[in-house]
Amino acid sequence: HYSGLEEAVYRNIQACKELAQTTRTAYGPNGMNKMVINHLEKLFVTNDAATILRELEVQHPAAKMLVMASHMQEQEVGDGTNFVLVFAGVLLELAEDLLRMGLSVSEASFIVIEGYEKACKKALEILPDLVCSSAKNLRDVEEVTSLLHTSVMSKQYGNEHFLAKLIAQACVSILPDSGHFNVDNIRVCKIVGAGISASSVLHGMVFKKETEGDVTSVKDAKIAVYSCPFDGMITETKGTVLIKNAEELMNFSKGEENLMELQVKAIADSGANVVVTGGKVADMALHYANKYNLMIVRLNSKWDLRRLCKTVGATALPRLTPPTLEEMGHCDSVYLSEVGDTQVVVFKHEKEDGAISTILIRGSTDNLMDDIERAVDDGVNTFKVLTRDKRLVPGGGATEIELAKQITSYGETCPGLDQYAIKKFAEAFEAIPRALAENSGVKANEVISKLYAVHQEGNKNVGFDIEAEAAAVKDMLEAGILDTYLGKSWGIKLATNAAVTVLRVDQIIMAKPAGGPKPPSGKKDWDEDQND
């Protein structure tokens, strides 16, 4: 029988455990998919923890702490969100065992928190010794492909080699000399039809649009970009024109036509042969654009307009003025193409060192393509992490078991009660190979005992073999299953912080309106005398 405060702590832990359990079965390449229907009744079928959490509306304040930790991991590393959730959930589960051992909750919480923080510090000290290799050359497509395998495999098991190669080609082609890689420069365009194997990489941009005029293809394109509609100027103030006869009416409309023609002719004379506009295209302007052989592309999104400017090196002009050479963008070819039954406009660079690359994803359903896009997103983020820190640690639960082994030994040397918490922290690392084994339909205890046996012999790089029929282990470095060092260290840090924050909470106080009857919601002056 617990007091109110103790009850609150256990309820918080319970909420976090339930959330972690949801995503635990989605962990690893053999993880199960979740079917999530969000508040707008949109359907998601995925095993990506970041997407599941984003679309779930988690109400419990303590569980929200775990969600925030995994969002931080998503922003910092772009992958490993499920690791944070599973690890934090198990830390809290094991903390509950310690809290039930008999001390008062406030005392026990303090001991557990202190032990967890010591163990986390120790884990981050041990981690650099577990680095098994480093990325040597991030401009070599083959090497980058092998490094992206692991992150793509967890989302698209079976297609990882094909997708990793596509992502590697896209990333390497736009990696600047400075080494500052921007994730936004890899665009994804999804077109229903064909299959995954029909996906490809284009150096440049692809838009699901049709061209407005008659011209559908231009080589050696000089591009004028306008953020305004492609139309005649409209005056700020209204004017009244008095027309006395038919001739004046004819002259009036002719004057407007001549003005429009002069504007379009000036753009054509400046050397531009492609016009991209951010607004509507007037019929008259289109007529003259066809007359002067200008290709017209309309982009409704101002973000697309900005990205295009970045790709082709153009400046977006706010008014229909002829562009100067500096304001014009350049591109090897702009053409209208048909992919499946979808019309697309392609802005293509022949040379590979462009500013933006597009991965064109093909697939049979929207849900499938969304999942491939998430895998691409993870792969691109992994590449970005490697540009910041090239170190790699073995995957498949190898790093976790080695950390568990070493932190348990460290716990033995610590005097005081916090050694129990340190040992539980070490035990929490077993949750990762355990989740991989359970999701692969293998006995988890058997896998963990085998891993411990091999690691005791000094084989640090041995992890769980997902592809074997029974509980088997293999060398992860030889198999090429590697995780980024940064992703692992941030994951451990954020998961521990989240668990400790939840353990520090003994009361949740909600700010809600006080009780009592509400005033009637009728007319404003309901208590006034009617005769006034």
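Residues numbered from 1 in each chain as written. Predicted model: local features only at pLDDT ≥ 70, side-chain atom pairs only at ≥ 80, totals over all residues. Heavy atoms only, no water.

**Some details on the overall build of the chain**
Of the regular secondary structure elements, the chain holds 17 helices and 16 strands. Computed over its C-alpha atoms, the radius of gyration of the chain comes to 31 Å, more than 25% above the 24 Å expected for a compact globule of 532 residues. Projected onto its principal axes, the C-alpha coordinates of the chain cover approximately 105 × 90 × 40 Å. Taken over 532 residues, the chain has a buried fraction of 49%. On the chain, roughly 26300 Å² of surface is accessible, and the fraction owed to carbon and sulfur atoms is 51%. Distance between charge centres in the chain, computed from 56 positive and 74 negative side chains, equals 1 Å. (Helix = DSSP H or I, 4+ residues; strand = E, 2+ residues; numbered from the N terminus. Rg over C-alpha atoms; globule rule 2.2 N^0.38 Å. Buried < 20%, exposed > 50% of the residue type's maximum accessible area, 1.4 Å probe, protein only. Areas by Shrake-Rupley, 256 points an atom, 1.4 Å probe, with all protein chains shown as cover. Lys, Arg positive; Asp, Glu negative; His and termini not counted. Charge placed at Lys NZ, Arg CZ, Asp CG, Glu CD.)

**Here we look at the pattern of salt bridges**
Oppositely charged side chains can form a pair if their charged atoms are brought close together. Taken as a whole and judged by the stated rule, the model has 27 salt bridges. Between E76 and R388 there is a salt bridge; the shortest N-O distance is 3.4 Å. Linking E76 in helix 3 (residues 61-76) with R388 in helix 11 (residues 366-388), this pair joins segments that are 312 residues apart in sequence. On the basis of relative accessibility, which here comes to 24%, the residue E76 falls in the partly exposed class. Through salt bridges that share partners, K17, E96 and R100 make up one connected network. (Salt bridge = Lys/Arg side-chain N within 4 Å of Asp/Glu carboxyl O.)

**Quick notes on the state of the cysteines**
The final tally for this structure, using the stated rule, is 0 disulfides. We note that C228 lacks a disulfide partner, and the nearest cysteine sulfur, in C309, lies 12 Å from it. For C228, a relative accessible area of 13% corresponds to the buried category. (Disulfide = S-S within 2.5 Å.)

**Regarding the confidence of the model for the chain**
Chain-level statistics for the chain give a pLDDT mean of 86 and a share of 93% at 70 or above. When mean pLDDT is taken per element in the chain, helix 12 (residues 398-413) scores highest with 93 and helix 1 (residues 4-24) scores lowest with 82. (pLDDT = per-residue confidence, 0-100.)

**A word on the side chain of N38**
Within the secondary structure layout, N38 lies in the loop between strand 1 (34-37) and strand 2 (43-46). Among the residues examined, N38 registers a relative accessible area of 9% and is labelled buried. Among the polar contacts made by the side chain of N38, one reaches the main-chain amide nitrogen of K42 at a distance of 2.8 Å. Sequence-distant contacts of N38, that is, excluding residues within four places in its chain, are made with F44 and E55. (Polar contact = N/O pair within 3.5 Å; in protein donor to acceptor, adjacent residues only side chain to side chain. Contact = heavy atoms within 4.5 Å.)

**Quick look at the nonpolar core**
Buried together is how nonpolar side chains tend to be arranged in soluble globular proteins. Ranked by internal contacts, the top residues of the largest apolar core, which has 73 residues, are Y116, I407, F425 and I492. It is helix 4 (residues 81-99) that provides the largest number of residues to this core, a total of 13 residues. Core analysis: the next-biggest nonpolar cluster, separate from the first, contains 33 residues, V201, I359, M369 and A375 among them. (Core = buried A, V, L, I, M, F, W, Y, C linked by side-chain atoms within 4.5 Å.)

**Digging into empty space enclosed by the protein**
Going through the model one piece at a time under the given rule, you end up with 1 cavity of 30 Å³ or more. In this structure, the largest cavity spans a volume of roughly 710 Å³. Every residue lining the largest cavity is counted, 42 residues in all, and those nearest its centre are Y27, D79, T150, S154 and D483. Looking at the lining of the largest cavity, the elements with two or more residues in it are helix 3, helix 4, helix 6 (141-153), helix 11, helix 14 (431-439), strand 16 (482-484) and helix 17 (485-504). Ranked by residues supplied to the lining of the largest cavity, first place goes to helix 6 with 4 residues. (1 Å grid on protein atoms, 1.4 Å probe; cavity = no way out; pocket = protein on both sides within 12 Å on 5 of 7 lines; lining within 4 Å. Points joined across faces, edges and corners; volume = space filled by probe spheres on them.)

**Let's talk about the packing of helix 5 (residues 105-126) against helix 13 (residues 418-428)**
Close contact between helix 5 and helix 13 brings their axes to 7 Å; oriented N to C, the two are set at 50 degrees. In terms of their interaxial angle, helix 5 and helix 13 are classed as oblique. Crossing angle aside, the handedness with which helix 5 passes helix 13 is right-handed. Only D418, A421, I422, K424 and F425 of helix 13 make contact with helix 5, whose side of the interface consists of I111, V112, E114, G115, Y116, K118, A119, C120 and A123. (Axes fitted to C-alpha atoms, helices over the stretch in contact; angles between N-to-C directions. Parallel < 35°, antiparallel > 145°, perpendicular 65-115°, else oblique. Left-handed = near helix turned anticlockwise from the far one by under 90°.)

**With respect to the packing of aromatic side chains**
What the rule picks out here adds up to 7 aromatic pairs. R100 extends its terminal NZ or CZ atom over the ring of Y10, reaching a point 4.3 Å from the ring centre. Cation over ring: K488 sits above F83, and NZ or CZ is 4.8 Å from the ring centre. (Phe/Tyr/Trp six-rings, centres within 6.5 Å; stacked < 30°, edge-to-face > 60°. Lys NZ or Arg CZ within 6 Å of the ring centre and 35° of its normal.)

**A word on the pairing of strand 8 (residues 295-298)**
Two faces make up the sheet, and in a regular strand the side chains alternate between them. When strand 7 (residues 274-277) meets strand 8, the two strands line up parallel, connected through 4 bridges. If you follow T277 over to strand 8, its bridge partner there is R298. (Pairing = 2+ DSSP bridges.)

**Side note on unusual backbone geometry**
Unusually for a residue other than glycine, E41 sits at a positive phi of about 65 degrees. Following the sequence through the fold, E41 ends up in the loop between strand 1 and strand 2. Phi angles above zero are rare outside glycine, and N293 is one such case at about 55 degrees. Following the sequence through the fold, N293 ends up in the loop between helix 9 (283-291) and strand 8. Here N293 falls in the exposed class, since its relative accessible area comes to 56%.

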